[in-house]
Each structure stands twice: as structure tokens, then as C-alpha cells.
Amino acid sequence: MQLSRDVPFSAILVILLLATGLSLLAATSLPPGLRGVAIAALSVTKAALVVLGFMRLHRESRALAGALIGYAALICTLAGLRIALAA
Amino acid sequence: MNVAVRSSGLRAAKPAATEGGMELLLWILVWSELLVFGALLGAFLILSALDPAARAILHGALDLPLAAVATTVLLGSGFFAARAASGHRPRWNLVAAALGGFAFCALKLTAFGHELPVLGEMEGHLPELYWLITGFHLAHVLFVAVLLLVVAWRPAPQRTAAVATVWHLVDLVWLLILPVIYLG
């Protein structure tokens, strides 16, 4: 993938900050079930953005990038489940 | 990951092989760190599910707005590290990333000061795990921020890329700590 086709770092940062703000909003205002799903989804999105946007690991190894995102998804899903079932 | 030895000459092949070896070591370090933090976060999730009362007290003591500011600062420093690794004024971007790391440490220590009175009175393993996970992460941030400054002194592309990768690992771990500990 060419550099010119990559999303600029500043755009990645803005999306990361927006996702963080949305996570905090979800944590304070949503009911447990929805909160768990929203926080898990937003957290996986942030992890994927760091790996693909900042590290740009997909250029060097798709397998390594996929493994890192998969690992983050596992932890975030467990966190989301714990939040959703805590009602 | 590029571990191929491109040159046919032995003298030229040696640095490339060393480079590949260093890269492999770097990824072993990254994954070992992720596995340690994953085990700690898994234990935290299990304990917090088993003891909802302790989780509620812990959650009440945490300073969520300060954690949000710390997250913003850490993500901002990741932005500077990414710029350094892509060759944009590596020295200044590495210094900016390190300053973000030190600011994160200051914010986290301030949060610890707020949380200590409540968490100090709690019994059980949940607060201990909280201190262990966040303290261990804080130590990583501090150590790698110093490393960023050391690399900024003479920012060779290979070193800059390596230290930026470790810095992004620190970012990634914090993004996993956030939903498990703070947002639940």
C-alpha cells in the first residue's frame, strides 16, 4: 500500500479522540447491555486504528497486524461481556 | 516483517541478518508484554465479576475525567511517535512523544493521589491488581519515554522505528486497560 493512499496521522488521531469521547459517553449514559457492546466495539476500533493507522503494520505483515487486532478484540469482547452482564 | 537477507555478499549480509534478528527480538518483546498484560487484565475481569461490591467501590474511587485526559495525552504522543517513524523531523517528534509520556505519568500520579485514600482502605485482590496493572503500565510509559529521548539524541531510522513500535505497544495496552478497568 502506498503512503499517499494511507489516511493521514492527524485524521487517525482525530478519530481516536472521537472514539475515546464516545467511549466515555457510553460509559456514563448507556444501559449495561448497550454499554458493553458500545465500549467493546469502540475499544477494538481504537486498537485497530493504532495498529493500522499509527504502526502501519499491515504494510509489513498482514498476519502480525491481524494477530494484534485479534488479541485486542478478544480482551475488549471479554470486557464488554463483563460490563453487559453486570446489571 | 522483513527478515530477508537481501545481499549475496557475506559482509553485506551480516548487518541485514542482525537487523532481522533485532526485529524478531522486538516482536518477541511486544508479544511477551501483551501476554503479561493480557493475563493481568483477564484476572482483573474475573475478580471484578466475582466481587461486584469491590468493583463498585473501586469504580467509584477512579478519576474518569483524569483518565480521559491521560488517554488524550497518550494518543497525542503516539501521533508524534508515528510521525517520527515515518521520517517527519524525527528528533523533534520523538521529543514531543516523550514529553507526552511524561505528562501522562504526571496525570496518572495525580490520579493515584486521589484514589489512594479509598483504595488503601479496601481489602481483597481487586485493588492490588489495579495498582499492579496501572503501576506496571506507568513504569513502561516512564521507561519508554526516556528511551524516546535517548533515541532522539541520534535518531537513526531503524532505532526510531523500533522505539516507536514499543511506544505504540504502550498506547495499545492503555487502550485495553481503559475498557477493562475504567469504563466498566
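The coordinates are above.
Note that the structure is predicted; figures quoted are calculated from it, not measured.

About the cut-offs
- Residues numbered from 1 in each chain as written.
- Chains lettered and ligands numbered in written order.
- Predicted model: local features only at pLDDT ≥ 70, side-chain atom pairs only at ≥ 80, totals over all residues.
- Heavy atoms only, no water.
- Helix = DSSP H or I, 4+ residues; strand = E, 2+ residues; numbered from the N terminus.
- Buried < 20%, exposed > 50% of the residue type's maximum accessible area, 1.4 Å probe, protein only.
- Contact = heavy atoms within 4.5 Å.
- Areas by Shrake-Rupley, 256 points an atom, 1.4 Å probe, with all protein chains shown as cover.
- Buried area = accessible area lost by both parts, 1.4 Å probe.
- Salt bridge = Lys/Arg side-chain N within 4 Å of Asp/Glu carboxyl O.
- Lys, Arg positive; Asp, Glu negative; His and termini not counted.
- Phe/Tyr/Trp six-rings, centres within 6.5 Å; stacked < 30°, edge-to-face > 60°.
- Axes fitted to C-alpha atoms, helices over the stretch in contact; angles between N-to-C directions.
- Parallel < 35°, antiparallel > 145°, perpendicular 65-115°, else oblique.
- Left-handed = near helix turned anticlockwise from the far one by under 90°.
- Nonpolar A, V, L, I, M, F, W, Y, C, P; charged D, E, K, R; others polar.

Peer 1: Please clarify how the overall build of chain B should be interpreted in this entry.
Peer 2: Counting its regular elements, chain B contains 6 helices and 0 strands. Each helix and strand of chain B, placed in order from N terminus to C terminus, yields the pattern α-α-α-α-α-α. Across the 184 residues of chain B, 48% fall into the buried class. For chain B, restricting intrachain contacts to residue pairs at least 6 apart in sequence, the fraction spanning at least 24 positions comes to 79%. About 8,700 Å² of surface is accessible on chain B, with carbon and sulfur atoms providing 71% of the total.

Peer 1: Hey, could you run me through the interface of chain B and chain A in this one?
Peer 2: When the parts of a complex come together, some accessible area is lost, and that lost area is often taken as the interface size. Contacts between the two partners involve 34 residues from chain B and, on the opposite side, 34 residues from chain A. When chain B packs against chain A, the two sides together hide about 3,000 Å² of surface, and 80% of this comes from carbon and sulfur. Contact with chain A buries area across many residues of chain B, yet W31(B), F79(B) and L183(B) alone supply 19% of it, more than any other trio. The interface formed by chain B and chain A holds 0 salt bridges in total.

Peer 1: Looking at this model, I keep getting lost on the side chain of R55(B). Mind explaining?
Peer 2: Along the chain, R55(B) turns up in helix α2 (residues 52–61). Look at R55(B): it is buried, it has no salt bridge, and the nearest opposite charge is D51(B) at 8.1 Å.

Peer 1: What's the story with the packing of aromatic side chains in this structure? I'm lost.
Peer 2: In this description, a pair of aromatic rings is defined by centroid distance and the angle of the planes. Residues and elements named next belong to chain B. Under the criterion given, the structure shown has 10 aromatic pairs over all chains. Here F112 and Y130 contribute two aromatic rings whose centre-to-centre distance is 6.4 Å and whose plane-to-plane angle is 85 degrees, an arrangement assigned as edge-to-face. Of this pair, F112 sits in helix α4 (residues 90–121) while Y130 sits in helix α5 (residues 125–153), placing them 18 residues apart in sequence. Aromatic side chains F112 and W131 sit 5.2 Å apart centroid to centroid with 65 degrees between the ring planes, which places their arrangement in the edge-to-face category. Here F112, found in helix α4, pairs with W131, found in helix α5; they are 19 residues apart in sequence, far enough to count as distant. Three or more aromatic residues link up through ring pairs in this structure, and these residues are F104, F112, Y130, W131, W174 and Y182.

Peer 1: Is there a simple way to think about the packing of α4(B) against helix α6 (residues 157–182) of chain B in this case?
Peer 2: Each pair of packed helices gets described by two things: the angle between the helix axes and the distance between those axes. Residue and element names in this part refer to chain B. Relative orientation of the contacting elements α4 and α6 amounts to 30 degrees, with a least axis distance of 12 Å. Relative to α6, the element α4 is oriented roughly parallel. The chirality of how α4 crosses α6 is left-handed. In contact with P90, L94, A97, G101, F104 and K108 of α4, α6 contributes T160, V163, W167, W174 and Y182. Considering only residue class, the contact of α4 with α6 consists of 8 nonpolar, 2 polar and 1 charged.

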